[in-house]
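# Understanding the architecture of this molecule
Take a look at the letters that make up each chain.
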Amino acid sequence: MFTGIVEAIGEVVNVHKQGTNRTFTLKSSIANEFKIDQSISHNGVCLTVTAVDGEEYTVTAIEETLNKTNLGGLELNSMVNLERCMPANGRFDGHIVQGHIDQTGICTRIEERDGSWLFDFEYDTSAGNITVEKGSICINGVSLTVFNSLENSFRVAIIPYTYSFTNFHSLKEGDTVNLEFDILGKYIKRILGSYTV
């Protein structure tokens, strides 16, 4: 379980294909604290550490993950948001994040607003996911609050700290992002949808 509070950015330093899988080696300032078998969120995707060597570590993504998230587009020098699992005695500074991406979305607009930034995103509604005004959304592993919630789009505001210390500063219009919708909203929608009159 994660909270959507990014701890560090990882830089992809090697990409290796293994059949339909892809192995990524990343460099990060917190890599020397990782352990083999540890779960780490990469742009919101939970992956298992398979090797650690100083400031570098390795993870593997299967074909399903590569096809359904933006990890399939990672290449050398790509920057990835990282978060370790929440400790049992930790605080929920963000919201409940599972590390299971529901679908991808597209960044459609970026607007600078006197030191902060507004980002607009669109997503395909056929998967049944929804946002709600002032509800939570996880974008590339970052816990954020939704506003301008519409049927297939929403907006978030990014403060300078988040902009600088996550990969939001490298995001461009047209880029694909990983979306994990609020787990509470998904369960409520499922329960209400299962009722019969």
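In this report, the structure presented in the accompanying data block is examined. (Residues numbered from 1 in each chain as written. Predicted model: local features only at pLDDT ≥ 70, side-chain atom pairs only at ≥ 80, totals over all residues. Heavy atoms only, no water.)

### Here's the deal with the pairing of strand β4 (residues 45-53)
Cut-off, in case you're wondering: Strands are treated as partners if at least two bridges between them are detected by DSSP. In this text, helices come from DSSP runs of H or I with a minimum length of four residues, and strands from runs of E with a minimum of two, each type numbered from the N-terminal end.
For strand β3 (residues 39-42) and β4, the ladder comprises four bridges, and the chain directions are antiparallel. Note on β4: the bridge partner recorded for S41 is C46. Connecting β3 to the antiparallel partner β4 that follows it, the hairpin turn spans two residues, and N43 within it adopts a positive phi of roughly 50 degrees. Sheet analysis places β4 next to strand β5 (residues 56-61), joined by four bridges and oriented antiparallel. Across the sheet, the residue bridging to D53 is E56, located in β5.

### Considering the sheet that holds strand β10 (residues 142-145)
Just so we agree on the cut-off: A fitted line through C-alpha atoms represents every axis, and for helices the fit uses only the stretch in contact; the resulting angles, taken between N-to-C directions, go from 0 to 180 degrees.
Read from one edge to the other, the open sheet built from six strands follows the order β10-β9-β12-β7-β8-β11, with strand pairing classed as antiparallel. The open sheet has two edge strands with one neighbour each: β10 and β11 (153-158). Between one strand and the next, the sheet's axes are offset by a mean angle of 40 degrees, whatever the strand orientation. In the sheet, strand β8 (residues 116-122) pairs with β11 via six bridges, with the strands oriented antiparallel.

### Notes on the sheet that holds β5
Ordered in space as β1-β2-β5-β4-β3-β6, the six strands form a closed barrel in which the pairing is antiparallel. Averaged over all adjacent pairs, the angle separating strand axes in this sheet is 45 degrees, with direction ignored. Both strand β1 (residues 8-18) and strand β6 (residues 79-84) contribute to a ladder of four bridges, which runs antiparallel. Paired with A8 across the bridge in β6 is L82.

### Things to note about the side chain of T131
Worth spelling out the cut-off: Each polar contact in these results corresponds to two N or O atoms within 3.5 Å; when the atoms are within protein, one needs to be able to donate a hydrogen and the other to accept it, and residues that are neighboring in sequence are counted only if both atoms are side-chain atoms.
Within the fold, T131 resides in the loop between β8 and β9 (136-139). Engagement of the side chain of T131 in a polar contact is seen with the side chain of S149, the distance being 2.7 Å.

### Examining the state of the cysteines
Our working rule: What counts as a disulfide here is a pair of cysteine sulfur atoms lying within 2.5 Å. Partly exposed residues are those whose accessible area sits between 20% and 50% of the maximum for their type, while under 20% is buried and over 50% is exposed, using a 1.4 Å probe and protein chains only.
Going through the model one piece at a time under the given rule, you end up with zero disulfides. Free cysteine C107: the closest other cysteine sulfur is in C138, separated by 16 Å. With a relative accessible area of 1%, C107 lands in the buried category.

### Some thoughts on the pattern of salt bridges
As a reminder of what qualifies: For this document, the term salt bridge refers to a Lys or Arg side-chain nitrogen within 4 Å of an Asp or Glu carboxyl oxygen.
Per the counting criterion, the structure on display carries eight salt bridges. The salt bridge involving E33 is made with R84; its shortest N-O contact spans 2.8 Å. A residue pair is termed long-range when its members are at least 10 positions apart, and E33 in the loop between β2 (21-27) and β3 and R84 in strand β6 qualify at 51 residues. Taking the shortest distance from any N to any O, the salt bridge between E111 and R113 comes out at 2.6 Å. The partly exposed category is assigned to R113, whose relative accessible area is 42%. Look at the salt bridges and you will find they share partners, linking E7, E33 and R84 into a network.

### Notes on the pairing of β1
Sheet topology note: the β1/β2 ladder contains seven bridges and is antiparallel. Residue pairing across strands places Q18 opposite N21, the latter belonging to β2. With antiparallel pairing between neighbouring strands as the criterion, β1 and β2 make up a hairpin whose turn holds two residues, including G19 at a positive phi of roughly 65 degrees.

### Quick look at the packing of aromatic side chains
Pairs of aromatic rings are described using the distance from one ring centre to the other and the angle between the two planes. For clarity, the cut-off: Aromatic pairing here means that ring centres of Phe, Tyr or Trp (its six-membered ring) are within 6.5 Å. Orientation follows from the plane angle: under 30 degrees is stacked, over 60 is edge-to-face, and everything else is tilted.
Under the defined criterion, the tally for this structure stands at eight aromatic pairs. Ring geometry for W117 and Y163: centres 3.7 Å apart, planes at 5 degrees, overall stacked. Here Y163 lies in helix α2 (residues 160-165) and W117 lies in strand β8, a separation of 46 residues in the sequence. Both residues of the pair, W117 and Y163, belong to the buried class. With 5.0 Å between their ring centres and 85 degrees between their planes, F119 and F168 make a pair best called edge-to-face. Taken together, the positions of F119 in strand β8 and F168 in the loop between α2 and β12 (176-181) put the pair 49 residues apart, joining distant regions of the chain. There is no split in this pair, since F119 and F168 are both buried. Counting every residue linked through ring pairs, the aromatic cluster contains F119, F121, Y123, F154, F168 and F181.

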